[in-house]
Amino acid sequence: MKSPTSVAISYDQIASEYTARIADELAGKPLDRALLHAFAEQVGVLGPIGDLGCGPGHVAAFLASAGAMVEGIDLSRGMIEQACQRYPSLAFLQGDMRSLAVADAIYGGICAFYSIIHLTPAELIPAFQEWWRVLRPGGWVLVAFHIGDTVLHMDQMWEQPVDLDFRFLQPDAIAAALEQAQFRIEAVVRRVPYPDIEHQSDRAYLLAHKDS
């Protein structure tokens, strides 16, 4: 990841516009909704779900609507402010998915939708090991990302200055990193992009389990 400060400042800059453009995207993504609903059911009463890189809180809100206990965590204070405004009944905290300021074995599940795309390859396994630490035995991980091998650098988004690298990732590589962090892969789902409502890249979803 570029320095946490760089990533956080970049998302602070675009938090309002990001929310206006992205926060209602699940309405047009039936497969994403189905996977999130199944994930919430799978986690069940094991414990709360940590939505890591929660942005404006729309994924956390969907999980809550599916019956899950959930809290959102994001590097960007601006994004947390947007999430709190939109969903005042939910908990949102500023934090770093690579080093979570929470106790061991606190979560029943971890959801990370398009947030590991800012991690460097060297950061993936340590981040997943941190997730292992904060998950309860029997806990679940659902991670989503763009498929590919490129790094897209952005120094401007929506007429605002940013300094962000968006990494396109291979499912096999993410599965291997999760397995090295002691997770067991339960499912891998791929889909083509929905036209008109998102960046036109193929997507992957990995479901992983921390054995009891």
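1. Side note on the pattern of salt bridges
For step 1, the next point in the chain: Considering all chains together, one arrives at 13 salt bridges under this definition.
For step 2, the next point in the chain: With a shortest N-O distance of 3.1 Å, Asp-24 and Arg-86 are connected by a salt bridge. Placement of Asp-24 in the loop between helix H1 (4-22) and helix H2 (30-43) and of Arg-86 in helix H4 (residues 77-86) is noted, with a sequence separation of 62 residues between them.
For step 3, the next point in the chain: Residue Asp-24 is classed as exposed on the basis of its relative accessible area of 53%.
For step 4, the next point in the chain: With a relative accessible area of 31%, Arg-86 lands in the partly exposed category.
For step 5, the next point in the chain: Among the ionic pairs, Glu-123 bridges to Arg-98, the shortest N-O distance being 2.5 Å. With a gap of 25 residues between them, Glu-123 in helix H5 (residues 121-134) and Arg-98 in the loop between strand E3 (91-94) and strand E4 (107-113) connect regions that are remote in the sequence.
For step 6, the next point in the chain: Residue class for Arg-98 comes out partly exposed when judged on its relative accessible area of 23%.
For step 7, the next point in the chain: Here the salt bridges do not stand alone but share partners, grouping Glu-25, Lys-29, Asp-32, Arg-191, Glu-198 and Arg-203 into one network.

2. With respect to helix H3 (residues 58-65)
For step 1, the next point in the chain: Counting buried residues in H3 gives 6 out of 8 residues, a clear majority hidden from the surface.
For step 2, the next point in the chain: For H3, every residue scored as buried is listed here: His-58, Val-59, Ala-60, Ala-61, Phe-62 and Leu-63.
For step 3, the next point in the chain: Downstream of H3 by a residue or two, Gly-67 has a phi angle that is positive, lying close to 100°.

3. Thoughts on the sheet that holds strand E2 (residues 70-74)
Either a parallel or an antiparallel arrangement is found when strands of a sheet pair, and the pairing is made through backbone hydrogen bonds.
For step 1, the next point in the chain: Strand order in the open sheet formed by 7 strands is E3-E2-E1-E4-E5-E9-E8, with mixed pairing between adjacent strands. Each of the sheet's edge strands pairs with one partner strand only, and the pair in question is E3 and strand E8 (184-191). When strand polarity is set aside, the average angle formed by the axes of neighbouring strands in this sheet is 15°.
For step 2, the next point in the chain: The pairing of strand E5 (residues 135-146) with strand E9 (residues 203-209) spans 7 bridges and is classified as antiparallel.

Rules of the game
- Residues numbered from 1 in each chain as written.
- Predicted model: local features only at pLDDT ≥ 70, side-chain atom pairs only at ≥ 80, totals over all residues.
- Heavy atoms only, no water.
- Salt bridge = Lys/Arg side-chain N within 4 Å of Asp/Glu carboxyl O.
- Helix = DSSP H or I, 4+ residues; strand = E, 2+ residues; numbered from the N terminus.
- Buried < 20%, exposed > 50% of the residue type's maximum accessible area, 1.4 Å probe, protein only.
- Pairing = 2+ DSSP bridges.
- Axes fitted to C-alpha atoms, helices over the stretch in contact; angles between N-to-C directions.

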